[in-house]
Amino acid sequence: MSSRFLHGANIFANGIRQHYLRYGGKGPVVILVPGITSPAITWGFVAESLSLHHDVYVLDVRGRGLSSTGPDLDYGLDAMADDVIAFASELELRQPAILGHSMGARIAMRASNRAPGSFSRLALIDPPVSGPGRRPYPSKLPWYTDSIALAEKGMDAEAMKAFCPTWTGEQLQLRAEWLHTCYAPGIVKAFNDFHDIDILPDFATLTVPAMLMVAGRGGVIQAADEEEIKGLNPSLQITRVPDAGHMIPWDDFDGFFLALGDFLSR
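By the naming in an unreviewed UniProt entry, the protein chain goes by N-formylmaleamate deformylase and is assigned to Rhizobium miluonense.

Draft legend 1. Highlighting unusual backbone geometry. Residue Glu92 is not a glycine yet carries a positive backbone phi of 55°. For Glu92, the position within the fold is in the loop between helix H2 (77-90) and strand S5 (97-101). Even without being a glycine, Ser102 presents a positive backbone phi close to 55°.

Draft legend 2. How the structure looks around the pairing of strand S6 (residues 122-125). Residues Leu122 and Leu124 line one face of S6 and the alternating positions Ala123 and Ile125 line the opposite face, and both faces are buried. Where S5 and S6 come together, four bridges link them in parallel fashion. From the neighbouring strand, His101 faces S6, where its bridge partner is Ile125. By the bridge criterion, four bridges tie S6 to strand S7 (residues 210-215) in an arrangement that is parallel. Paired with Leu124 across the strands is Leu212, a residue of S7.

Draft legend 3. Examining the packing of H2 against helix H3 (residues 103-114) more closely. Remark: H2 packs on H3, axes separated minimally by 8 Å, with the N-to-C direction vectors making an angle of 70°. Compared by their axis directions, H2 and H3 come out roughly perpendicular. From H2, Leu77, Asp78, Met80, Ala81, Asp82, Val84 and Ile85 reach across to H3, where they touch Met103, Arg106, Ile107, Arg110, Ala111 and Arg114. Split by residue class, the contact of H2 with H3 holds eight nonpolar, no polar and five charged.

The rules behind the values
- Residues numbered from 1 in each chain as written.
- Predicted model: local features only at pLDDT ≥ 70, side-chain atom pairs only at ≥ 80, totals over all residues.
- Heavy atoms only, no water.
- Helix = DSSP H or I, 4+ residues; strand = E, 2+ residues; numbered from the N terminus.
- Buried < 20%, exposed > 50% of the residue type's maximum accessible area, 1.4 Å probe, protein only.
- Pairing = 2+ DSSP bridges.
- Axes fitted to C-alpha atoms, helices over the stretch in contact; angles between N-to-C directions.
- Parallel < 35°, antiparallel > 145°, perpendicular 65-115°, else oblique.
- Contact = heavy atoms within 4.5 Å.
- Nonpolar A, V, L, I, M, F, W, Y, C, P; charged D, E, K, R; others polar.

Shown next as structure tokens:
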């Protein structure tokens, strides 16, 4: 497939520089919000496929990639949600869909709830449902902080394999190149918010069509969680990718798109 990448750009929105990559340029608009340590460029292979039928904007979440970073920013969930709201407004994107992975799915829900009517639908990809009094998030903080510390010094794909043993050489190389742009204190804040902020009430207050994609081998969302979430939002569509871990499209690219189906185009 020939590249459908259009350009990268920066805008000033919600008081920060927000960097994004745009793919496709035609069809319904989708804002793709990556997870906790995934700069926009690492989702390029997914955006390329989405861009066959969509106008895709992949964000560098604050403290990651080429967006604003450093000790003076708020890295809390509400601030990141407000970034997405301001991003869509600044670019005059009319009711775009959001596809959010992991932390990005939590951001998507919070953005939709904080700005009713701003977004058309949400594809929520394996969001952490840990929180006060709940089962902890399966990944441990040192997995993130140790790898970032190594990346800040400079690491190659072979060294990254210790953290992502099932990834392809190309995926490892890209992560090794870009992980150093993840601001460690911002990552720690986001990780702690997985445990300090209960995201489940956000499911109950969604006013737009939403789908939840569950990784069968991720351990992030379990059957009891699905039942609780379905009770909070009976209209929620739930799909599963049985053989994928939390990084679903990395583990099962075809399964990811099969589970996504035509949800973003309806």
